[in-house]
Amino acid sequence: MKFFIDSADVKEIRAAHAMGCVDGVTTNPSLLAKVGRGLEETIREICSIVDGPVSAEAVSMTAEELVKEGRTLAKLHPNVVVKVPMGVEGMKATKALTAEGIKTNVTLVFSPNQALLCAKAGATFVSPFVGRLDDVSEDGMEMVRQVLTIYRAYGYKTQVLVASVRNPVHVLRAAMMGADVATIPLSVIQQLAQHPLTDAGIKKFLADWEKVPKPK
Ligand code: G3P
């Protein structure tokens, strides 16, 4: 499973990249607002750090405007993937951008039928938002399982990018299901490295190392 980092903060992206686990990056308007930097300069800097797909979100409301915005975003760097919002206009834009060879990531996907439409439109990635479904008492990862079942049944090429990941169990379940990608916040990536028995083991080894005779 590929790991993308879900962040527009270049410090966070550099930190995760240094761990050797970053295959790509996803951003959105909320993440950009959090760091208070413009989209273009941020995307360019991210592309200089990570050699992999970098999602930049288009925010127009019509297919025509989404396509125009998508073309501009795609010119920023060859690794840019245009994030398109789910919906009728988003599907039209996805079809048109795909026809032009521009990669797309359909965002804000909350049902298997929406994901089915994304595959039909030729999206490169589909982003089911698992945490936000959990927030409204639905099982987000169960939706991912349904999407994977449908895609495998018909051999759709659209990659399933598990988004709105909030905890290590989301990552584990995504990997067990064979999802193509999980986009993960830095805090959760760091949690993946943790285990209390690892900490206890390190403490014990360090304590015992003090007792080992050293050369004078
Ligand atoms: O990848 C989408 C993600 O940024 C949304 O996450 O936690 O705001 O639902 P969240």
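Here's a quick rundown of the structure. (Residues numbered from 1 in each chain as written. Predicted model: local features only at pLDDT ≥ 70, side-chain atom pairs only at ≥ 80, totals over all residues. Heavy atoms only, no water.)

## What about the packing of aromatic side chains?
For the coordinates displayed, the defined rule picks out four aromatic pairs. Residues Phe-110 and Phe-129 carry aromatic rings whose centres are separated by 5.7 Å and whose planes lie at 65 degrees to one another, so their mutual orientation is edge-to-face. Residue Phe-110 is located in the loop between strand S5 (104–109) and helix H6 (112–121), and its partner Phe-129 is located in the loop between strand S6 (125–128) and helix H7 (130–135); the two are separated by 19 residues in the primary sequence. Residue classification places Phe-110 among the partly exposed positions, given a relative accessible area of 29%. We classify Phe-129 as buried; its relative accessible area is 7%. The rings of Tyr-151, Tyr-154 and Tyr-156 are connected pair by pair, giving a single aromatic cluster. Lying across the ring of Trp-209, Lys-214 places its NZ or CZ 4.7 Å from the centre. (Phe/Tyr/Trp six-rings, centres within 6.5 Å; stacked < 30°, edge-to-face > 60°. Helix = DSSP H or I, 4+ residues; strand = E, 2+ residues; numbered from the N terminus. Buried < 20%, exposed > 50% of the residue type's maximum accessible area, 1.4 Å probe, protein only. Lys NZ or Arg CZ within 6 Å of the ring centre and 35° of its normal.)

## Quick word on the site of the ligand
The ligand sits among Asp-6, Asn-28, Phe-129, Arg-132, Ala-163, Ser-164, Arg-166 and Thr-183. Interatomic distance of 2.6 Å between a side-chain N/O atom of Asp-6 and an oxygen atom of the ligand. Here Arg-132 contributes a side-chain N or O atom positioned 2.6 Å from an oxygen atom of the ligand. Isolated, the ligand exposes 310 Å² of accessible area, and the fraction of that covered by the protein chains is 82%. (Near = heavy atom within 4 Å. Polar contact = N/O pair within 3.5 Å; in protein donor to acceptor, adjacent residues only side chain to side chain. Areas by Shrake-Rupley, 256 points an atom, 1.4 Å probe, with all protein chains shown as cover.)

## Comments concerning the sheet that holds strand S1 (residues 2–6)
Read once around its circumference, the closed barrel built from eight strands follows the order S1-S2-S3-S4-S5-S6-S7-S8, with strand pairing classed as parallel. Ignoring which end each strand starts from, the neighbouring axes of this sheet average 30 degrees apart. Bridge count between S1 and strand S2 (residues 24–26): three bridges; the pairing is parallel. For Phe-4, the partnering residue across the bridge sits in S2 and is Gly-24. Helix-sheet contacts for H6 involve S5 and S6, and the interaxial angle to S5 is about 165 degrees. (Pairing = 2+ DSSP bridges. Axes fitted to C-alpha atoms, helices over the stretch in contact; angles between N-to-C directions. Contact = heavy atoms within 4.5 Å.)

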